[in-house]
Amino acid sequence: AEMDVLKGAKSLIGRSQPVLLFECGIGANDHYGYDARKVFDVLYDLGLVVNTLDQWIRQEEVLSYEDFRQLYERQTEYYFIAFK
């Protein structure tokens, strides 16, 4: 249900520019009908970029969709951050 909340909060997110910490993995997303592409696209449509927590702390370049998809499919990373 979080994805529907994010979509509904588009104008609020645009105004407040929050930093969103989120968990994203195959098991739970499958249950709700989401995959890496849908998650990434919703965040992108909100004007947000995505990174892992470690990369964000080190101020490394944000993830491309392909980078995000690989982490998602390999199930080596579950915790991400989305920000403007």
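The structure presented is a predicted model; accordingly, all values stated were derived computationally and were not measured.

Parameters at a glance
- Residues numbered from 1 in each chain as written.
- Predicted model: local features only at pLDDT ≥ 70, side-chain atom pairs only at ≥ 80, totals over all residues.
- Heavy atoms only, no water.
- Phe/Tyr/Trp six-rings, centres within 6.5 Å; stacked < 30°, edge-to-face > 60°.
- Helix = DSSP H or I, 4+ residues; strand = E, 2+ residues; numbered from the N terminus.
- Buried < 20%, exposed > 50% of the residue type's maximum accessible area, 1.4 Å probe, protein only.
- Pairing = 2+ DSSP bridges.
- Axes fitted to C-alpha atoms, helices over the stretch in contact; angles between N-to-C directions.
- Contact = heavy atoms within 4.5 Å.
- 1 Å grid on protein atoms, 1.4 Å probe; cavity = no way out; pocket = protein on both sides within 12 Å on 5 of 7 lines; lining within 4 Å.
- Points joined across faces, edges and corners; volume = space filled by probe spheres on them.
- Nonpolar A, V, L, I, M, F, W, Y, C, P; charged D, E, K, R; others polar.

Peer 1: I tried to follow the packing of aromatic side chains on my own but got confused; where do I start?
Peer 2: Here the distance between the centres and the angle between the planes together describe a pair of aromatic rings. A full pass over the atoms with the stated rule returns six aromatic pairs. Ring centres 5.6 Å apart and planes at 65 degrees place the aromatic pair F40 and Y65 in the edge-to-face group. Here F40 is found in helix α4 (residues 36–45), whereas its partner Y65 is found in helix α6 (residues 65–74), with 25 residues between them in sequence. On the basis of relative accessibility, which here comes to 11%, the residue F40 falls in the buried class. Taking the centre distance of 5.7 Å and the plane angle of 40 degrees together, the rings of F40 and F68 count as tilted. Of this pair, F40 sits in helix α4 while F68 sits in helix α6, and the two are 28 residues apart along the sequence. The same class applies to F40 and to F68, which are both buried. Following the ring pairs from residue to residue traces out a cluster consisting of F22, F40, Y65, F68, Y72 and F80.

Peer 1: Even after reading the chapter, I still don't get the sheet that holds strand β3 (residues 79–83), so can you show me in this structure?
Peer 2: Two modes of strand pairing occur in sheets, parallel and antiparallel, and in both the strands are linked by backbone hydrogen bonds. With antiparallel pairing, the three strands of this open sheet are ordered in space as β1-β3-β2. A strand with exactly one partner marks an edge of an open sheet, and here the two such strands are β1 (20–23) and β2 (49–52). Averaged over all pairs of adjacent strands, the angle between strand axes in this sheet comes to 30 degrees, irrespective of strand direction. Taken together, the four bridges between β2 and β3 define a ladder with antiparallel strand orientation. By the bridge assignment for β3, V50 is matched with A82.

Peer 1: Is there a simple way to explain the environment of F83 in this structure?
Peer 2: Looking at the secondary structure, you find F83 in strand β3. A relative accessible area of 15% means that F83 is categorised as buried. When the C-alpha positions of F83 and L21 are compared, they lie 8.9 Å apart, and in sequence the two are 62 residues distant. Not counting residues within four places of it along the chain, the set of residues in contact with F83 comprises P18, V19, G47, L48, V49, N51, W56 and V62.

Peer 1: Any chance you could explain the layout of surface pockets here in plain terms?
Peer 2: One water molecule sets the probe size; rolling that probe over the atoms shows where empty space is left. When its volume is computed, the largest pocket comes out at roughly 420 Å³. Contributing to the lining of the largest pocket are 17 residues, with E2, M3, F22, E23 and N29 lying nearest its centre. Of all the elements in the fold, those that place two or more residues in the lining of the largest pocket are α1 (2–8), β1, α3 (26–32) and α4. The residue makeup of the lining of the largest pocket, split by class, is 13 nonpolar, two polar and two charged.

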